[in-house]
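Take a look at the letters that make up each chain.
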Amino acid sequence: MIDKQEYSRARRLSFRGCSVGCSCHPRPDRFLELLVEFARTTSGDRPWKVPIQLTQPFHWTCGVEGFQAYALSEKRGAADPLLEALGSTRPSGTRRKATSSKRPSDARKVSTALVGGKVFTADRSNLWCQAAAIADNKIAAVGTNEAILSLCSTDTEIIELAGRTVIPGFNDAHLHHTPDPTGIRLPVDGFHNRDLDHYASLISEAVESSPPGTWIFGEMGERLINEPALDRYFLDKIAPLHPVLLLGLTNHTNVLNSIALKRLGVDEDEPDPIGGFFERSPGSNRVSGRINEYAQWAPQRSFASMTTIEEGAESIRRLSTDCLNFGITTIQNMSWTPADRYASMLELADPPIKIRLIRFPPSEAGRRLVGEGRSLPSSIGPRVSISGTKWILDGTPIERAAALGHPYADDPSTEGKENFSASEVKEMLRESLELDDKLLLHAVGTAAIETMMDAVEGFSTVDWSSRGLRLEHGDGITPKLLPRVKAAGITIVQNPTHFFFADILRERYGEKQKQFVFRTLFEEGIPMAIGSDGPLNPFLGLLAAVTHPCRPSEAVSMEEAVIAYTYGGACAEGAGDLKGKIAPGYAADLAVLSQDIFSVSPDTLPATTSVLTMIDGEIAYRSM
């Protein structure tokens, strides 16, 4: 349960004083006022030049910080100035104890009952009901209000939903939370795609307002990711004494200046690792500061490892708070922080949500570092598990690195690039079998998916569905590949928020592109899950799923999308028999929503929050 003291603490930490010293950081008692000011502006004016911990769990956009902070608040009366600024209303709903003594003798087992609502169970045999009973941390029964009330005793807490919609807790199957060290985060949104002059101006301001050595961090949109003029030499002119790391919004191309390269252990003539490459200065072997794919894995780990275990634990707690507000009860995280170090952060954080840590190893010249995190236990406490390994087989179309197998429509000189050879992909599959480890393979372009499927089909006697093999993204699945993917029993984890890049994707693929099938995958009966891989807000992902800006004909129903985001995520985790449904025997992980997502206009979906989030039958967050 998040109390007011914890919320106040989260507020203070979000704008805590900087470690390198400056005069513009706000006092804790100014925090709410700053949020109100921020919510009322479109420019995002705020003291961004204050070094703070860099990572936000909803990376891509700074512009949602005001709304996200509101979402953490339990103070939702009309007198709340932030509430008034955002135009929200107080949720309804009450709770009471059962008063009738006419209950069956075994009713004492029911600890909590939710009645008077619209309960979406994600159980295809019984999708809707009015009420649910909870006992021993699990769903004990679902049904009508009368049927559930008949199971209650005088000790049962009865939560009256007042017509609210209830869903299973979201299971975010694809997340990259990484607690980064203290530095200045540029107030830029990669999605808004600012130009080079805009970034140069902001970096100059950051340099002028902070001591030498302060990290400056920013996120690049598509324009800068593909801007060859942006390299170490350009950044060195603006920030010769400040390490600068510009992260592509897809995280497949980064740009660093000279001091950042040195701090992160990248030599002037650093050899290319397997699966990635450093761009070089013309006529030399000197790295230019533009680093791609697995060339930026190791530097990012060095950067992330500058965060203390205590800072990382606090970042995980803040992420958990945001998750609870959105009704997310499980996340599956592939962190840039080395797995052993992130596990230490998790152990100290003792998060209230369920977290699956997935190994995400780097590589070096000539080999993949498959041993990373192998000594870790399978679990840390009751809510943290460690399993699976992810490898990335190609890039994305944003930087024209997804391996299409044919030229890009807007640049016929390239068709993308596969990160690993066919023999290396086969070796990944062999390792997963030998180590009895679940394998996750990022493959976006058609050529990369074909390489993956050739390797999978080479193990003809293996039941990959029982092995939990996952294809992350799978945007380039073609009609020819569809039956092969289905026959192999592969689970696809899609990230619908990527569909919002419709304009860029039309440029890359052409107006007649047939990428990004979605509804077809559901209709074919392929196991589907949804992850954020960007903004944490699951209702933004649902908006993209039910509208599909790239291919509206491939949009799915809200029911299918919610099942994929809840039960589908549990199945992709290997826990489909334990959670993901509001059905008898399943973990009582659920969320009561602020509005009925099944009936509201799609454009209003991102404003949805949870007003009550329950994990294992315990209320972890409540504002109703």
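As shown above, the structure is provided for reference.
What you see is a predicted model, and the numbers here were worked out from it, not measured in a lab.

**Student:** Would you take a moment to explain the packing of aromatic side chains for this structure?
**Tutor:** Remark: the centre distance and the inter-plane angle together describe each pair of aromatic rings, the angle taken between the planes. Within this structure, the stated rule accounts for 20 aromatic pairs. Between Phe-217 and Phe-303, the ring centres sit 6.1 Å apart and the planes meet at 5 degrees, which makes this aromatic pair stacked. With a gap of 86 residues between them, Phe-217 in strand S12 (residues 216–220) and Phe-303 in helix H10 (residues 297–304) connect regions that are remote in the sequence. Each member of the pair, Phe-217 as well as Phe-303, is classed as buried. Members of the aromatic cluster, joined through ring pairs, are Tyr-294, Trp-297, Trp-336, Phe-360, Trp-391 and Phe-420. It is Arg-368 that lies over the ring of Trp-391; its NZ or CZ is 4.7 Å from the centre.

**Student:** Help me understand the side chain of Thr-451, please; the structure alone is not making it clear to me.
**Tutor:** Looking at the secondary structure, you find Thr-451 in helix H14 (residues 446–457). Excluding residues within four positions of it along the chain, Thr-451 makes contact with Glu-418, Ala-422 and Val-425.

**Student:** Can you help me understand the pairing of strand S24 (residues 491–494) in this one?
**Tutor:** The side chains of a regular strand alternate, first on one face of the sheet and then on the other. Residues Thr-491 and Val-493 point to one face of S24 and Ile-492 and Gln-494 to the other, with burial holding for every one of them. Here strand S23 (residues 470–473) pairs with S24 via three bridges, running parallel. Bridged to Arg-470 within S24 is Thr-491. Remark: the S23/helix H16 (residues 482–488)/S24 crossover connection has right-handed handedness. Both S24 and strand S25 (residues 528–530) contribute to a ladder of three bridges, which runs parallel. Bridging across to S25, Ile-492 finds its partner in Met-528.

**Student:** In this structure, what is going on with the packing of helix H11 (residues 309–326) against helix H12 (residues 339–349)? I would like to understand it.
**Tutor:** Working note: a packed helix pair is described by the angle between its axes plus the distance between those axes. With their axes 8 Å apart at the nearest point, H11 and H12 run at an angle of 65 degrees to one another. When the axes of H11 and H12 are compared, the crossing they make is right-handed. Contacts between H11 and H12 involve Ile-309, Glu-310, Gly-312, Ala-313, Ile-316 and Arg-317 from the former and Arg-341, Tyr-342, Ser-344, Met-345, Leu-346, Leu-348 and Ala-349 from the latter. Along the lines of polarity and charge, the residues of the contact of H11 with H12 split into eight nonpolar, two polar and three charged.

**Student:** Would you take a moment to explain H10 for this structure?
**Tutor:** An α-helical turn contains 3.6 residues, so any two residues separated by three or four positions project in the same direction. For H10, a buried count of six out of eight residues is recorded, marking the element as mostly surrounded by other parts of the structure. Among the residues of H10, those classed as buried are Trp-297, Pro-299, Gln-300, Arg-301, Phe-303 and Ala-304. On the buried face of H10, the contacting elements are S12, strand S13 (244–248), strand S14 (253–256), strand S16 (287–293) and strand S21 (384–392).

**Student:** Teacher, can you tell me more about the nonpolar core here?
**Tutor:** The nonpolar side chains of a soluble globular protein tend to be buried, and buried together. Judged by nonpolar contacts, the single largest core of 126 residues is most densely connected at Leu-186, Ile-203, Leu-393, Ile-477, Leu-542 and Ile-597. Ignoring any residue separated from it by four or fewer positions in sequence, one finds Ile-203 in contact with Leu-186, Ile-216, Leu-235, Ile-238, Ala-239 and Val-244. By size, the runner-up hydrophobic cluster in this structure holds 18 residues, among which are Cys-129, Ile-159, Val-166 and Val-611.

Calculation rules
- Residues numbered from 1 in each chain as written.
- Predicted model: local features only at pLDDT ≥ 70, side-chain atom pairs only at ≥ 80, totals over all residues.
- Heavy atoms only, no water.
- Phe/Tyr/Trp six-rings, centres within 6.5 Å; stacked < 30°, edge-to-face > 60°.
- Helix = DSSP H or I, 4+ residues; strand = E, 2+ residues; numbered from the N terminus.
- Buried < 20%, exposed > 50% of the residue type's maximum accessible area, 1.4 Å probe, protein only.
- Lys NZ or Arg CZ within 6 Å of the ring centre and 35° of its normal.
- Contact = heavy atoms within 4.5 Å.
- Pairing = 2+ DSSP bridges.
- Right-handed = clockwise from strand over helix to strand, strands pointing away.
- Axes fitted to C-alpha atoms, helices over the stretch in contact; angles between N-to-C directions.
- Left-handed = near helix turned anticlockwise from the far one by under 90°.
- Nonpolar A, V, L, I, M, F, W, Y, C, P; charged D, E, K, R; others polar.
- Core = buried A, V, L, I, M, F, W, Y, C linked by side-chain atoms within 4.5 Å.

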